Amino acid sequence: MRCSSRLAVVAIAIIAVLFTHLPTAQAEQASQKRGSVTNLPIPRFVSLKTSEGNVRRGPSLRHRIDWVFKHPGMPLEIIGEFGHWRQVRDRDGVGGWVHYSLLSGVRTAIVDFDLSPLYNRADTESQIDAYLEAGVIARLESCGLDWCRVKADGIRGWTLKSNLWGVRPNEVID
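Bear in mind the structure is a predicted one, so any value in this text is a computation, not a measurement.

Asks: Looking at this model, I keep getting lost on the nonpolar core. Mind explaining?
Replies: What tends to happen in soluble globular proteins is that the nonpolar side chains get buried as a cluster. Core analysis: the biggest nonpolar cluster contains 15 residues, and Leu-140, Cys-143, Cys-148, Val-150, Leu-164 and Val-167 have the highest contact counts within it. Secondary-structure elements contributing two or more residues to this core are β10 (108-111), β12 (128-132), β13 (137-143) and β14 (147-152). Residues within four places of Cys-148 in sequence aside, it is in contact with Leu-140, Ser-142, Cys-143, Gly-157, Trp-158, Thr-159, Lys-161, Leu-164 and Val-167.

Asks: What is the right way to look at the pairing of strand β8 (residues 95-99) in this model?
Replies: Side-chain positions along a regular strand alternate between the two faces of the sheet. Where strand β7 (residues 85-89) meets β8, five bridges bridge the pair, whose relative direction is antiparallel. Within β8, the residue paired with Trp-85 across the bridge is His-99. Taken together, β7 and the strand that follows it, β8, pair antiparallel across an intervening segment of five residues, in which Gly-93 is found at a positive phi of about 85 degrees.

Asks: What should I look at first to understand the state of the cysteines in this one?
Replies: Should the sulfur atoms of two cysteines be covalently bonded, the bond is a disulfide. Scanning the model with the defined rule gives one disulfide in all. The side chain of Cys-143 participates in a disulfide bridge whose partner is Cys-148; the two sulfur atoms lie 2.1 Å from each other. In this structure the cystine formed by Cys-143 and Cys-148 twists about its S-S bond by roughly 110 degrees; its chirality is therefore right-handed. Cys-148 matches Cys-143 in its accessibility class, with the two residues each being buried.

Asks: What is the right way to read a nonpolar patch on the surface from this model?
Replies: Residues Leu-115, Ile-128 and Tyr-131 make up a contiguous nonpolar surface patch of roughly 300 Å² in combined accessible area. As for its placement among the helices and strands, Leu-115 is situated in the loop between β10 and β11 (116-119). What makes Leu-115 exposed here is its relative accessible area of 52%.

Asks: Got a minute to help me understand the environment of Cys-143 in this structure?
Replies: Mapped onto the fold, Cys-143 is located in strand β13. Since its relative accessible area comes to 3%, Cys-143 is described here as buried. In sequence terms Cys-143 and Asn-170 are 27 residues apart; their C-alpha atoms lie 9.6 Å from each other. The contact partners of Cys-143, leaving out residues within four places of it in the chain, are Cys-148, Lys-161, Val-167, Glu-171, Val-172 and Ile-173.

Asks: Is there a simple way to think about the pairing of β10 in this case?
Replies: Residues of β10 alternate between two faces, with Thr-108 and Ile-110 on one and Ala-109 and Val-111 on the opposite face, all of them buried. Sheet topology note: the β10/β13 ladder contains three bridges and is antiparallel. What sits directly across from Ala-109, in β13, is Ala-138.

Reading the values: the criteria
- For every chain, the first residue of the written sequence is number 1, and numbering continues from 1 along that sequence.
- Per-residue local features of the predicted model are confined to residues with pLDDT of at least 70, and side-chain atom pairs are confined, for both listing and counting, to 80 or more; whole-chain, interface and lining totals are unaffected and use all residues.
- The basis for the side-chain values is all heavy atoms of the structure; hydrogens and waters are excluded.
- Buried Ala, Val, Leu, Ile, Met, Phe, Trp, Tyr and Cys residues form a nonpolar core when they are joined through side-chain atoms within 4.5 Å.
- Only protein chains enter the accessibility calculation, which uses a 1.4 Å probe; a residue whose area is less than 20% of its type maximum is buried, one above 50% is exposed, and one in between is partly exposed.
- Secondary structure is summarised from DSSP: a helix means a run of H or I of at least four residues, a strand means a run of E of at least two, and numbering begins at the N terminus for each.
- Here, two residues are considered to be in contact whenever any of their heavy atoms come within 4.5 Å of each other.
- Pairing between two strands is assigned when DSSP locates at least 2 bridges connecting them.
- For this text, the term disulfide refers to a pair of cysteine sulfurs within 2.5 Å.
- Residues enter patches when their relative accessible area tops 30% and they take part in no salt bridge; the joining distance is 9 Å for like charges and 5 Å for the nonpolar side chains Val, Leu, Ile, Met, Phe, Trp and Tyr.
- All accessible areas in this document rest on Shrake-Rupley with a 1.4 Å probe, and a residue is counted as covered only by the protein chains that are shown.
- Just to be clear on terms, a salt bridge is a Lys or Arg side-chain nitrogen sitting within 4 Å of an Asp or Glu carboxyl oxygen.

Here's what the structure looks like:
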């Protein structure tokens, strides 16, 4: 084996060791795509700021309105950016282009499973204060690795993150 080949093998081994020892969050951030307009992570979650939001086929007022989102606080996932427009999709994968002024950084989530328990603490042995119906929009107050503290219809409590759409499995929200 020639000297340059050995150096290449050693360099690859060092790079592999470095990347395997990066903390998971740092590795994800390093590989995460960024928006061309905002430089924020893509994809990311936001919520609908208004009671109605036109969803267009393309990123301008000249494009046809395909449908209208009608639930204030509805969580949406931004998957693209172009000027003042954000390409979004909902939990069913339905999407299009929405003007950025209709979106908010306030984090919300939709309850995915009917009668999801809302616990007093982040512990399945704690008291259940309420049950959330599927489709309820809840405000995310904080999330750890497995649990999220939410507020829905004036009631606060903890639910398993796996019961929600609008937060990533490995995402932590303070």
